[in-house]
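Observations on chain architecture
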Amino acid sequence: MRVLESMVDTHHRTPGYIKGRVGRVEALSGSFYDPEDRAYGGSGLPKRELYLIEFGMLSLWGLRYRGGEEDKLLVDIYEHWLEPAGDPAGPRVDHGF
């Protein structure tokens, strides 16, 4: 999945360094109140699906990353920040059910 590159001036929980990056869905964590709506006094409804997304450290940082080639970063991302990556192989989806 690709993380949207949207720039917003309001509260959001999507780290800037992963915007526009492609990762793999590792797990569906569940459905939760939308924290971006709740930050401004909203109800947080409808609830949003929260996914655990895996990113390769080298794909995030390139040659600046001095760790191992297999190192990964796991980030919780709400569904409205994700879109299909268009990878012909498709993302690995393991929801555990």
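Attention here is on the structure that accompanies the text. (Residues numbered from 1 in each chain as written. Predicted model: local features only at pLDDT ≥ 70, side-chain atom pairs only at ≥ 80, totals over all residues. Heavy atoms only, no water.)

Summing up its helical and strand segments, the protein chain has two helices and five strands in all. If you list the helices and strands of the protein chain from N to C, you get β-β-α-β-α-β-β. Across the protein chain, the fraction of contacts at a sequence separation of at least 24, relative to all contacts at a separation of at least 6, is 58%. Carbon and sulfur atoms make up 51% of the accessible area of the protein chain, which amounts to about 6,300 Å² in all. (Helix = DSSP H or I, 4+ residues; strand = E, 2+ residues; numbered from the N terminus. Contact = heavy atoms within 4.5 Å. Areas by Shrake-Rupley, 256 points an atom, 1.4 Å probe, with all protein chains shown as cover.)

With that settled, the discussion passes to the packing of aromatic side chains. One pass over the structure, following the stated rule, counts one aromatic pair. In this arrangement the basic side chain of Arg38 is found over the ring face of Tyr33, its NZ or CZ atom lying 5.3 Å from the centre. When the ring centre of Tyr33 is taken as origin, the NZ or CZ atom of Lys47, which lies over that ring, is 4.7 Å away. (Phe/Tyr/Trp six-rings, centres within 6.5 Å; stacked < 30°, edge-to-face > 60°. Lys NZ or Arg CZ within 6 Å of the ring centre and 35° of its normal.)

This paragraph deals with the nonpolar core. Counting 13 residues, the largest nonpolar core has Ile18, Ile53, Phe55, Ile77 and Leu82 as its most contacted members. Counting residues per element, the ones that place at least two in this core are β3 (48-56), α2 (57-61) and β4 (72-78). Ranked by residues supplied to this core, first place goes to β3 with three residues. Discounting chain neighbours no more than four positions away, the residues touching Ile77 are Thr14, Pro15, Ile18, Glu49, Leu50, Tyr51, Ile53 and Leu82. (Core = buried A, V, L, I, M, F, W, Y, C linked by side-chain atoms within 4.5 Å. Buried < 20%, exposed > 50% of the residue type's maximum accessible area, 1.4 Å probe, protein only.)

The full count for this structure, using the stated rule, is two salt bridges. Between Glu83 and Arg2 there is a salt bridge whose closest N-O contact spans 4.0 Å. Of this pair, Glu83 sits in strand β5 (residues 82-83) while Arg2 sits in strand β1 (residues 2-3), and the two are 81 residues apart along the sequence. Of the residues examined, Glu83 reaches a relative accessible area of 30% and is grouped as partly exposed. Taking the shortest distance from any N to any O, the salt bridge between Asp34 and Arg48 comes out at 3.2 Å. Pair noted here: Asp34 is in the loop between β2 (24-32) and α1 (35-38) and Arg48 is in strand β3, with a separation of 14 residues, a long-range link. Asp34 sits in the buried class, given a relative accessible area of 7%. Arg48 sits in the partly exposed class, given a relative accessible area of 24%. (Salt bridge = Lys/Arg side-chain N within 4 Å of Asp/Glu carboxyl O.)

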